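Analysis of the macromolecular model
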2 protein chains.
Amino acid sequence: MFKFPSISNTSSTKKMQPDLEAYIEARRNAVDKALHKIFPTASGHAAQIIEAMEYSIFAGGKRLRPILCIAAAEAVGGNSSDVMPVACALELIHTYSLIHDDLPAMDDDDLRRGKPTNHKVFGEALALLAGDGLLTQAFHLMASSGGEPSTDSRVLLKVISTVAEAVGHAGMVGGQVVDMHFQGKQAELDAVQFIHRHKTAALIKASVVSGAMLAGAADRQIEAISLYGEKTGLAFQISDDILDLESDSLTLGKKVGADIRMGKATYPAVVGVEDSKRTQSHLIEDALMALETFDRLADPLRAIARYVIERKK
Amino acid sequence: MFKFPSISNTSSTKKMQPDLEAYIEARRNAVDKALHKIFPTASGHAAQIIEAMEYSIFAGGKRLRPILCIAAAEAVGGNSSDVMPVACALELIHTYSLIHDDLPAMDDDDLRRGKPTNHKVFGEALALLAGDGLLTQAFHLMASSGGEPSTDSRVLLKVISTVAEAVGHAGMVGGQVVDMHFQGKQAELDAVQFIHRHKTAALIKASVVSGAMLAGAADRQIEAISLYGEKTGLAFQISDDILDLESDSLTLGKKVGADIRMGKATYPAVVGVEDSKRTQSHLIEDALMALETFDRLADPLRAIARYVIERKK
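Residues numbered from 1 in each chain as written. Chains lettered and ligands numbered in written order. Predicted model: local features only at pLDDT ≥ 70, side-chain atom pairs only at ≥ 80, totals over all residues.

1. Examining the overall build of chain A
In terms of helices and strands, chain A carries 15 helices and two strands. Taken over C-alpha atoms, the radius of gyration comes to 19 Å for chain A, in line with the 20 Å a tight globule of 313 residues would show. Reported as C-alpha extents along the three principal axes, the dimensions of chain A are approximately 55 × 45 × 35 Å. With 313 residues in all, chain A has 55% of them scored as buried. Taking as baseline every contact in chain A between residues at least 6 positions apart, the subset at least 24 positions apart corresponds to 72%. (Helix = DSSP H or I, 4+ residues; strand = E, 2+ residues; numbered from the N terminus. Rg over C-alpha atoms; globule rule 2.2 N^0.38 Å. Buried ≥ 20, exposed ≤ 12 C-beta atoms within 10 Å, placed from the backbone. Contact = placed C-beta atoms within 7 Å.)

In C-alpha cells, the structure reads:
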C-alpha cells in the first residue's frame, strides 16, 4: 500500500528517505511489470528487433521519468494505473535516446548502466533500428491507451503533442544537436543551459505535465508542475555532469570522465563544481516553491526533487 | 479545380494519364505548401537541425504517401484540407526512414533523388538526429491537428495508433531489420514477401487507411481501402526492385544495381523479372477489385494503382 503522502510533513530529507525508497520501489516495480507486457514473446522474423529493444529497456534503468509521471498524477489526486501507458512510453523514449546517443556516430559509448551498449551487442544497424522502434512504439502505446474510460481523447492528444514537442527538434533532439555541436569547443553558459533545457529538462518536464494532464489537473496546477519539472530536470542534468566528474565507473555503470575527454559543454566545465552545486540547490528550491500550494499528495514529487541532487548514480 | 473523379469512367490507362498528372500535381503542390509551413525559419541553436530536416524533405520526393492519403479521403467523400496534417506527417515519416536507411551502418548510400544523401551533407550524427526529429515531428503534427472542428479526437487517436503500428517494429522497422538480415544471404520468397509487406506496404496501407478514417469512412470502406493499400504497396516495392535492375541512375536519382551489389532479398532475385511483373499485375488487379463498390470518386486511387507499375522512377 502506498502511504507516502500521509507521512508527517517534515522538511528533513533523512526522515523522507525510507518512505521515498519504498514509494519509488513500488512504482518502479509497477512500471517494470507494465513494460514487460508491451512486447510480445518474440518469434519468427520479428524476434531480432524485439530482442534488441528489450535489451536496453530492461538494462536496469531508474525509471525516473515514468515515476515522475505517476507522482505528478498522484499529486493532483490521480492514480498510477490511468497514466501507466504514457509512463511506459516515456521510458521507451528515454531508452531510444540513450541507444542513439551511444552510437559510434554520436558519443560512441561502450558501456551503459554497467552493460555493453546496444550496438556493442547487436551491431550498429540493429541498434539504430531498435531506437527507431522504441520511439515509434512509445507513440503507439500512448495513442492506443485511449480505451480507458477515464481518459478523455482530447487530453490524450494534448499529452502526445506535448511529449512529441518535448523530444523533437524543438526539444531533446535539438538539445542533442547543440551538445554535439559544442563538443571540443569552448561553450558559454547560455549554450550549456540550452543543452540542459532541451536535452534533459524537456522530457522530464513533459513527464510530470503528462501525468498531471491525464489526472485532470487544472491549468494552474499544470503550470506549477511544469515549472517543477523544468527546474528538477535542469538540476538532474547538472547532477549528471557532476557525477561524471566525481563518481566512479562501478557506481555509475558507465565510463566516468567522458565529458572532459570528449570536450563536452557541461555546467562544471563552464562555472566549476562549486557553482554548479549552488545552482542545483537554487533549482531545487525553485522546484519545491512551485509546489507550495500543493498538499501532501505532492510529497513524493518534493522528495524526488531532493533526491536528484543527492543521488550517487 | 479538381475534376478527376468526374471524367468518363474508362479503363484505358492512356486516357487516364493527363487527368492523373493534373490530379497528382495539384495535390503535390498542396502538400509541398503545407510542408513548408511546418518548419519555422531556422535561427539560433536550432537552425542546424531544421536545415538538415528540410534538406531531405524538400529533396524532390514524389509525395506518394500524402497523395494516397488525400485520394483515399476523397474516395469516400472527404476533402484534402481535413487530412493535410496527417498527409504531411506520412511524408515526414517516409523521409526519416530514407535518411536512416541511407546511413553508413545501413545501406550506405551516397545519392538519393539525384542529390547527396543527408549524412553526406550534414554528417552522420546530424543525419541520425534529423531522422529522429522528422519521426517525432510527424507524431507532433498528427496529435496537434485535432483543432479542426471536423476531426473526431478518437478517430485521430486511432489514426496515430495505426500509423505508429505500421512504421514500428511490427511494421516498417521490422521489415528493415529483416531486409538487413538477409543482405548477402539466400532468401526464400516468404522472406522477400515479409520484407515488402513490412518495409513498404505497411506505410502505404496506413496512408490510405488514415485518409479514409479521417474522412469518416464506414468500416467496410476502410477494409476495402486497406486491402487496396496492401496490394498497391506490395506492387510498388516490386517496381522499386525492378527499377533497380532496369532503370538508370539519372532517371532514378540514385545508384542502380545496388540491390544486386549488396545481395538484397528482392522479388526479381528470387523469382526473376518476368514472374515479378506478373505478380505485380495480379496485385494491381486485386487492388482495383478491392475498390469495386466505390464510385468515380475513387478513380484517382485506381489511376495511382495503375501508375505504380508503369512508373519509371
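Having put the structure on the table, let's press on.
2. Comments concerning the interface of chain A and chain B
Opposite the 45 residues of chain A that make contact, chain B presents 45 residues. Among the elements of the structure, helix 2 (47-57), helix 6 (124-143), helix 7 (153-167) and helix 8 (172-181) of chain A are those that each provide at least two residues to the side of chain A that touches chain B. No other element matches the 13 residues that helix 6 of chain A contributes to the side of chain A that touches chain B. In the side of chain A that touches chain B, the residues fall into 25 nonpolar, 16 polar and four charged. (Nonpolar A, V, L, I, M, F, W, Y, C, P; charged D, E, K, R; others polar.)

3. Topic: the nonpolar core
By size, the foremost hydrophobic cluster in this structure holds 204 residues, and its most contacted members are A:Met142, A:Ile160, A:Ala212, B:Met142, B:Ile160 and B:Ala212. Residues contacting B:Met142, with those up to four places away along its chain left out, are B:Pro85, B:Val86, B:Ala89, B:Leu156, B:Val159, B:Ile160 and B:Val163. (Core = buried A, V, L, I, M, F, W, Y, C linked by C-beta atoms within 7 Å.)

4. Description of the packing of helix 2 (residues 47-57) of chain B against helix 6 (residues 124-143) of chain B
Geometry of a packed helix pair, given as the angle between the helix axes and the separation of the axes. Residues and elements named next belong to chain B. One way to put it is that helix 2 packs onto helix 6 with a least axis distance of 9 Å and a crossing angle of 75°. By the angle between their axes, helix 2 is roughly perpendicular relative to helix 6. Residues Gln48, Ile49, Ala52, Met53 and Ser56 of helix 2 form the contact with helix 6, whose participating residues are Leu126, Ala127, Leu129, Ala130, Gly133 and Leu134. Grouping the amino acids of the contact of helix 2 with helix 6 by side-chain chemistry returns eight nonpolar, three polar and no charged. (Axes fitted to C-alpha atoms, helices over the stretch in contact; angles between N-to-C directions. Parallel < 35°, antiparallel > 145°, perpendicular 65-115°, else oblique.)

5. Description of the relation of the copies chain A and chain B
Mapping chain A onto chain B leaves a residual RMSD of 0.0 Å; the transformation is a rotation of 180° accompanied by 0.0 Å of translation along its axis. The relationship between the two copies is best expressed as a two-fold rotation axis. Considering only C-alpha atoms, the residue of chain A closest to the rotation axis is A:Ser153, which sits at 2.8 Å. A share of 100% of interface residues in chain A that are also interface residues in chain B marks the association as one of identical surfaces. (Least-squares fit on C-alpha atoms with pLDDT ≥ 70 in both.)

6. Brief notes about the environment of A:Gln183
Residue and element names in this part refer to chain A. Structurally, Gln183 is set in the loop between helix 8 and helix 9 (189-214). Using a count of 16 C-beta atoms within 10 Å as the deciding quantity, one classes Gln183 as partly exposed. Measuring from C-alpha to C-alpha, the distance between Gln183 and Arg261 comes to 9.8 Å, with 78 residues separating the pair along the chain. Other than its neighbours up to four places away in sequence, Gln183 contacts Met262, Gly263 and Lys264.

7. Focus on the confidence of the model for chain A
Residues and elements named next belong to chain A. Confidence in the prediction of chain A, expressed as mean pLDDT, is 89, and 92% of residues score 70 or more. By mean pLDDT, helix 11 (residues 249-252) is the weakest element of chain A at 70, and helix 3 (residues 64-75) is the strongest at 98. Scored below 50 in pLDDT, residues 5-16 makes twelve contacts in the model with residues more than four places away or belonging to other chains. For this predicted complex, the interface confidence comes out at an ipTM of 0.93, alongside a pTM of 0.93. (pLDDT = per-residue confidence, 0-100.)

8. Brief notes about the packing of helix 14 (residues 273-290) of chain B against helix 15 (residues 299-310) of chain B
Residue and element names in this part refer to chain B. One can describe the packing of helix 14 onto helix 15 by two numbers: an axis separation of 10 Å at closest approach and a directional angle of 175°. Taken together, the axis directions place helix 14 and helix 15 in an arrangement best described as roughly antiparallel. Where helix 14 abuts helix 15, its residues Gln280, Ser281, Ile284, Ala287 and Leu288 lie against Arg302, Ala305, Arg306, Val308 and Ile309. Considering only residue class, the contact of helix 14 with helix 15 consists of six nonpolar, two polar and two charged.

9. Here's the deal with unusual backbone geometry
Residues and elements named next belong to chain A. Positive phi, normally seen in glycine, also occurs at Arg63, with a value near 60°. Take Arg63: it is sitting in the loop between helix 2 and helix 3. You will see that Arg113, though not glycine, has its phi angle at about 55°, which is positive. When you line up the elements, Arg113 lands in the loop between strand 1 (111-112) and strand 2 (115-116). Taking the number of C-beta atoms within 10 Å as the measure of exposure, Arg113 has 15 and is therefore partly exposed.

10. Brief notes about helix 15 (residues 299-310) of chain A
For helix 15 of chain A, with twelve residues, the first-to-last C-alpha span of 17 Å sits near the 16 Å given by 1.5 Å per residue. Within helix 15 of chain A, nine of the twelve residues are buried, which leaves it mostly tucked inside the rest of the structure. (Expected span 1.5 Å × (residues − 1).)

11. Some details on the environment of A:Lys231
All names here are of chain A. Relative to the helices and strands, Lys231 resides in helix 10 (residues 219-246). Lys231 sits in the buried class, given 25 other C-beta atoms within 10 Å. Along the backbone, Lys231 and Leu283 are 52 residues apart, and their C-alpha atoms lie at a distance of 5.2 Å. In this view, Lys231 contacts Leu283, Asp286, Ala287 and Ala290; residues no more than four positions away in its chain are not counted.

12. What about the environment of A:Glu292?
Residue and element names in this part refer to chain A. The topology assignment puts Glu292 in the loop between helix 14 (273-290) and helix 15. Overall, the presence of 8 C-beta atoms within 10 Å leaves Glu292 in the exposed class. Distance in space between the C-alpha atoms of Glu292 and Ala224 is 8.9 Å, their sequence separation being 68 residues.

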